[in-house]
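Topology and contacts: notes
Below are the chains, spelled out letter by letter.
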Amino acid sequence: MTGGDAITSGGGGMRVGGGSAGTASLQQHGKRLLANVHGAMRALKLYPLENEAVQHAISELQSTVEGILGRGEGLELRVVGEFFFLNDVRLRLDLSNFATFGNVGQALRRHDIGSLEVFQGVAREEWAPFLSLLARDPGEYPLPAFLARLSETPVRSIEPDASAEHGDDLEEEEVLEQAKRTYAQSVKLAKDVLGDVRLGRAVNARKVKRAVQGIVDQVLADEPSIITMTTLRDYDEYTFTHCVNVCIFSVVIGQRLGLERFDLYELGLGALLHDVGKMRIPHEVVAKPGGLTDDEWALIREHPTLGLLQLFQTGAYIDIPYRQMLMAYEHHMKVDGTGYPENRRERQPTLFSRIVMVADGFDAATSVRSYQHRPWGADQVLREMKENPKRGYDPLLVKALISATGVFPIGTLVILDSYELAVVSRTNPDPALLHLPIVKVISDEMGVPIADPVELDLSAAPPDGAHRSILKTTDPQKYGIRVADYLI
Amino acid sequence: MTGDGFSIGEGGLGATLPLDEVQNLVVTLGKALRASQLYDENNPVYKRFVKALSDEFTALWSEMDEIALHVSEDTLTLDGEEVYSSATRSDSLAFLLYKDGLRVVQFEPGFERQVPRFLDVLNQARHAREDDDDLLTLLWEAELDCFQYRYVDLLAEGIDLPEVGLGGDPSEFGQVLEDARAEDDEVVSGEAAAEQPPATVSQDDFNPTLYALDASEMEELRRSVELERDRDVRGAVLDALFDRFEDGDAERRDEVFDILQGLLPAFMARGEISAAARVLKQMRSYETAQVVSESHQERITSLLDRLSDIETLSQLIEAIEVGTIDPDPRDLAAFLGFLRGDALGVLVRATFDTESLDLKRILGGAVETIARRDSDAVRRLLASPDPALSGAAARIIADQRIESAAGGLRDLLTSEHTDVRLAATEAVGALGVPTLLGNVGELLRDPDVDVRIAAARVLGEAGYRAAAPVFRDILSSRTIRNAERREKIAFFESYGRLGDAEAVDLLDKYLNGRGFLGRRESSDIRASSALGLGRIGTPEAMMALDRAHRDDDAVVRSAVTRALQMERRPEVPR
């Protein structure tokens, strides 16, 4: 790309915007393809080949494949982490398909298959042997064994390939770089905006929009990378990183709920500004270390109301941001209507407010902040949020968050039953294995640091044959460990 | 160039690039952009340019998979070849793209269908003020499937990326594990005393069914998303403001009040009348509420007064009439119904002036609502120097039987304006105000026929015998013979209602008598007399009617038949 360097130095990196041709149509095709693959695999598992259900499922799959090939662009299905790409279009994950995606992804990964290419002229009869092989035990050398078996079948137009590890690493680096940039820009923006509010200056709405749009794009493009950024806990910048983290987690939950891109933006905007009311509370109270007096607590409890009122001061009543106002106002309101501020009229917090409440609660509890020096473990927080109704979180939204973060979210410091120390680096994409993340082992069982941390999938057979599981989670702060350094 | 399948300038087309066609395309794009600035979307000129541009894109897809243009301040280039340049920036397509950060734009097949939206985005960006959304934000929101771009984010300049550190002090690692082993030993020896052991994994953590969303839960979440879309978020915000106004201190109330005060015109300007009505309703309840301080009550009163004044309402009505806003009729009726009595004049005037029947009906309804609530306002309107308003007030009084306002009618009965006298007369009739019947009697000789008829009917209905001599005098004169038939009927019937002792003789004479040379009265007079006799209803009157029962004149015969069937009214002596 000519001129790329100059651009990078000028504006912090070149970005890509817009959609790709026929993206919407490919999305539909892709989701149907995965659903059909999943359906056919399930049918084959339950019934003999000649069964009507199996035949019907294979016909459906063949019809979808022909529809895609009929576009003249070929058919390449790639699995990267928990995401699928059909001809380079990333298929959008939502509530209606995340389990399907997870199951198909898991089936492919078991055989070390990173991509599938299907050629023009693929016959209906090729699917049953291919899918049956996918369902078999992968054995010691998954992909070579799979390919060997496949060569003995009549399958000629379906070509599996290994995960493009090197390419993926490169891509991962780029994605992570982009995530860093988005995150840093958002934190800077949050600082500027909230600073402007504190000083009573006009807020640059365009900057706010751009930051939220960046986060939405990042979540849609590569959710794990931006979630990884939330592990960058900076006590001094807590107020601002917290706003950005809440924005990220809210958009992540929103995506799981299948919200459209613009709705994700609306949600993200409200989440970013959810604590704007705190800017009207004296800084020495907000940032006071240690306990607060009753009066100070009373003041803190005013921030949702102040946030609502503050948002009226932007925009001079043009395009009044009602949804964002409610997110600021209701994010400490429990699902049963209690919490604060107190309601004099009947009120059920909006879905967006409930999402922000979950994201806010999760990030706040896992962070070091002025009146919480020892944060909770992320897994504990999720468990508490889900199981303790007194906390007032919407349990389904907590589950939606867990479906993205796993039981042990990225950045959780864990001790394995081998007494090795590890940091959770990725969530298991299989929804049935949310409790078995991918970790980076950072020290051996004696506490000796590993120079080049090894990534380990706790759900898979390890190279050394010694299966590990999580013994316990521990507090990185307690030992001065910065988990972000192992992830970013 | 980084991933995303976005490989610009690497097509290897080299010398085969259709440069001329792309140059023409960009020229057409510039023309279409200008056309979109000058004409609206239905204009044939604009449509012609959009079609030309779409056709050029379509034609190019047979030669190129995509069209990727690099953007500089003054030029657009295709694979290093210039396809557009502009010496000035004011009208430059390249600069329009460049100034907001675009550096590469790529059009893909299918873009031809998105041309109007793209032009709209460019137009918005061209006219954007400093605080408006720029091109990047507008493109993001437009979500054009077949248009990709690379950009530098000028807003992100000078941002430091997070730095990676060493991860922590390796000497601590051993301590972590040592602590962990120690905690394990405690658990084994049953000495775990902590109520909530820190950072310990629960058995449940390994039960994925507790964490995964099942089908019914996913369905519930889907429903929540649907509900959220239809949610009245504006109403929820207003409720929040009301809550905080009610329990806030003076400063908080001031702030909330200022917001509500700012919201009202915003709602009205956007036609969000239901929201304005909601605020108005709440304000009215606060106006007299104990919990609200005197100073706030004063502010509320002043606001409600302003909303009902002529300037505000004229603005609203004008906006509705010219179609700037199109509120739901029920919302509008509710809003207007909350206005002060002082709004009556404006609303009444508007009912006369508007040509919209729907609006007329809504305004009429609002007038009724307000009048019913505020009779003092109707009385004040009665005294209006504007005859249209005072007349309307008289009609409101009649329709709603506002007896307390009757006194104000006296002056109107002598108004120089016919409509006012007429309305006042009818109002006196509707209210049955005995003290004003004498004044009405004077209107029996009014220059206007409708007023005379109304006066006759009012007096007849009231059985106001004191007016009998005047009736007799009029019925005996030549004037009545020249009157319209409806006036004759009104006078004869009303006279019949008065129960005057001389009435039967007079009317019998008109019905059955013959004059000089045996000549009878006109059909109209005879028929009207018959109706008058019917109203008297005494045996003598019936006998007179019987005599004309087989009259040769069909008009008379018909009137006699009707008169004989009239319901007899008990006589009310006056």
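Residues numbered from 1 in each chain as written. Chains lettered and ligands numbered in written order. Predicted model: local features only at pLDDT ≥ 70, side-chain atom pairs only at ≥ 80, totals over all residues.

A short note on the overall build of chain B
Formally: Numbering goes from the N terminus for both helices and strands, where a helix is a DSSP run of H or I of at least four residues and a strand is a run of E of at least two. To sort residues by exposure, count the other C-beta atoms lying within 10 Å of each residue's C-beta; 20 or more gives buried, 12 or fewer gives exposed, and values between give partly exposed, all with C-beta atoms placed from the backbone. Each residue is represented by a C-beta atom placed from its backbone, and any two residues with such atoms within 7 Å are regarded as in contact.
Secondary structure summary: chain B contains 28 helices and five strands in total. Each of the 574 residues in chain B was classed as buried or not, and the buried ones make up 40%. Relative to all contacts within chain B whose residues are 6 or more apart in sequence, the contacts with residues 24 or more apart total 66%.

With respect to the overall build of chain A
Regarding its fold elements, chain A presents 19 helices and eleven strands. The proportion of buried residues among the 488 residues of chain A is 53%. In chain A, of all internal contacts separated by at least 6 residues, the share reaching a separation of at least 24 is 68%.

Remarks on the sheet that holds strand β6 (residues 158-162) of chain A
Residue and element names in this part refer to chain A. Worth spelling out the cut-off: Should DSSP find at least two bridges between two strands, the strands are taken to pair.
With antiparallel pairing, the five strands of this open sheet are ordered in space as β4-β3-β2-β5-β6. Two strands in the sheet have a free side with no partner beyond their single neighbour: β4 (89-90) and β6. Of the pairings in the sheet, the one linking strand β5 (residues 113-118) to β6 comprises five bridges and is antiparallel in character. Looking at the pairing, L116 lines up with P160 of β6.

Observations regarding the pairing of strand β7 (residues 413-416) of chain A
All names here are of chain A. The pairing of β7 with strand β8 (residues 421-426) spans three bridges and is classified as antiparallel. Of the residues in β8, the one forming a bridge with V414 is A422. Joining the antiparallel neighbours β7 and β8 is a turn of four residues, in which Y419 adopts a positive phi near 65°. As paired elements, β7 and strand β11 (residues 470-474) share four bridges and run antiparallel to each other. Looking across to β11, one finds that L416 is bridged to I470.

Comments concerning the pairing of strand β2 (residues 75-78) of chain B
Residues and elements named next belong to chain B. Inspection of the sheet shows strand β1 (residues 67-71) paired to β2 by two bridges, in the antiparallel sense. Across the sheet, the residue bridging to V71 is L76, located in β2. Bridging between β2 and strand β3 (residues 81-85) involves four bridges; their strand directions are antiparallel. Opposite T77, over in β3, you have E82 as the bridge partner.

Some words on the domain arrangement of chain A
Applicable threshold: What counts as a domain boundary in this text is fixed by an automatic or database domain assignment.
Assigned domains of chain A: these are domain 1 (23-163), domain 2 (167-405) and domain 3 (413-487). When each unit is reduced to the centre of its C-alpha atoms, the spacing between domain 1 of chain A and domain 3 of chain A is 31 Å.

Brief notes about the packing of helix α11 (residues 261-272) of chain A against helix α16 (residues 351-365) of chain A
Residue and element names in this part refer to chain A. Stated formally: Axes here refer to lines fitted to C-alpha atoms; in helices the fit is confined to the stretch in contact. Angles between the N-to-C directions go from 0 to 180 degrees. Any angle between 65 and 115 degrees counts as roughly perpendicular, while under 35 counts as roughly parallel, over 145 as roughly antiparallel, and the rest as oblique. For any helix crossing, the convention is left-handed if the near helix is rotated counterclockwise from the far helix by under a right angle, and right-handed if that rotation is clockwise. Three categories are distinguished: nonpolar for Ala, Val, Leu, Ile, Met, Phe, Trp, Tyr, Cys and Pro, charged for Asp, Glu, Lys and Arg, and polar for the others, with Gly belonging to the last.
Running from N to C, α11 and α16 point in directions that differ by 50°, and their axes come no closer than 10 Å. Taken together, the axes of α11 and α16 lie oblique to each other. Crossing handedness for the pair α11 and α16: right-handed. Here L267, G270 and A271 of α11 lie close against α16, whose contacting residues are F352, I355, V356 and A359. Broken down by class, the residue content of the contact of α11 with α16 amounts to six nonpolar, one polar and no charged.

Focus on the nonpolar core
Put simply, the test is: Linking buried Ala, Val, Leu, Ile, Met, Phe, Trp, Tyr and Cys residues through C-beta atoms within 7 Å yields a set, and such a set is a nonpolar core.
Within the largest apolar cluster, 215 residues are counted, with the highest numbers of intra-cluster contacts made by I253, L272 and V358 of chain A together with L347, V378, A394 and A530 of chain B. It is helix α10 (residues 238-256) of chain A that contributes the most residues to this core, ten residues altogether. With residues near it in sequence (within four places) discarded, L347 of chain B still touches L313, L336, L363, A366 and V367 of chain B. Formed by 45 residues, the second largest nonpolar core is a distinct cluster that contains V26, L29, L60 and L97 of chain B.

Observations concerning the sheet that holds β8 of chain A
Residue and element names in this part refer to chain A. Strand order in the open sheet made by the five strands is β10-β9-β8-β7-β11, with antiparallel pairing throughout. Taken across any chain shown, the strands that pair with only one partner, and hence form the sheet edges, are β10 (449-457) and β11. Neighbour-to-neighbour, the strand axes of the sheet open up by a mean angle of 35°, direction not taken into account.

Focus on helix α26 (residues 523-536) of chain B
Residues and elements named next belong to chain B. Keep this limit in mind: In this analysis, the expected span of each helix is defined as 1.5 Å times one less than the number of residues it contains.
With 14 residues, α26 extends 20 Å from end C-alpha to end C-alpha; this agrees with the ideal 20 Å at 1.5 Å per step. Of all 14 residues making up α26, 13 are buried, and the element is well covered by its neighbours. The first or second residue beyond α26 is G537, which carries a positive phi of 75°.

Focus: helix α5 (residues 127-135) of chain A
What counts here: Directions from the helix axis toward the C-beta atoms define the arc.
All of the buried residues in α5 of chain A are W127, A128, F130, L131 and L134 of chain A. Looking down the long axis of α5 of chain A, one finds its buried residues gathered within 165° of arc, a one-sided arrangement.

Considerations on the domain arrangement of chain B
Assigned domains of chain B: these are domain 1 (17-154), domain 2 (232-370) and domain 3 (463-574). Computed over C-alpha atoms, the centres of domain 1 of chain B and domain 3 of chain B are 89 Å apart.

Digging into the environment of H435 of chain A
Checked against the element boundaries, H435 of chain A lands in the loop between β8 and β9 (438-443). A residue is classified by how many C-beta atoms lie within 10 Å of it, and H435 of chain A, with 23 of them, is buried.

Comments concerning the packing of helix α25 (residues 503-512) of chain B against α26 of chain B
Between two packed helices, the angle of one axis relative to the other and the distance separating the axes together describe the packing. Residue and element names in this part refer to chain B. Where α25 contacts α26, the axes come no closer than 8 Å and their chain directions differ by 150°. The angle between α25 and α26 places the two elements in the roughly antiparallel class. Viewed along their axes, α25 and α26 form a crossing whose handedness is left-handed. Here α25 contributes A503, V504, L507, Y510 and L511 to the contact with α26, which in turn contributes I525, R526, S529, A530, G532, L533 and I536.

Some points on the confidence of the model for chain A
We count it as follows: Confidence scores here are pLDDT values: one per residue, from the predictor, ranging 0 to 100.
Summing up the model confidence of chain A, the mean pLDDT is 84 and the portion of residues at 70 or higher is 88%. Below pLDDT 50 for its whole length, residues 1-12 of chain A participates in 19 contacts with residues either more than four positions away or in separate chains.

Here we look at the environment of I450 of chain A
Residues and elements named next belong to chain A. With respect to the element layout, I450 can be found in strand β10. Placed 29 residues apart in sequence, I450 and L421 show a C-alpha to C-alpha distance of 9.7 Å. Non-local contacts of I450, meaning those with residues more than four positions away in its chain, are made with V441, I442, S443 and D444.

A look at the confidence of the model for chain B
Residues and elements named next belong to chain B. Put simply, chain B has an average pLDDT of 86, and 87% of its residues get 70 or more. Note that residues 1-14 has pLDDT below 50 and, in this model, 18 contacts with residues that lie over four places away or in other chains. Counting contacts from residues 187-198, a segment whose pLDDT is below 50, to residues more than four positions away or on other chains yields five contacts. For this predicted complex, the interface confidence comes out at an ipTM of 0.75, alongside a pTM of 0.75.

Things to note about unusual backbone geometry
Going from Y340 of chain A to P341 of chain A, the amide bond is cis rather than trans, its omega being -5°. You can see P341 of chain A is positioned in the loop between α15 (322-330) and α16. The phi angle at D112 of chain A is positive, at roughly 60°, despite the residue not being glycine. Within the secondary structure, D112 of chain A sits in the loop between α4 (98-110) and β5. Positive phi, normally seen in glycine, also occurs at E143 of chain B, with a value near 45°. The residue E143 of chain B is located in the loop between α5 (135-142) and β5 (147-152) in this model.

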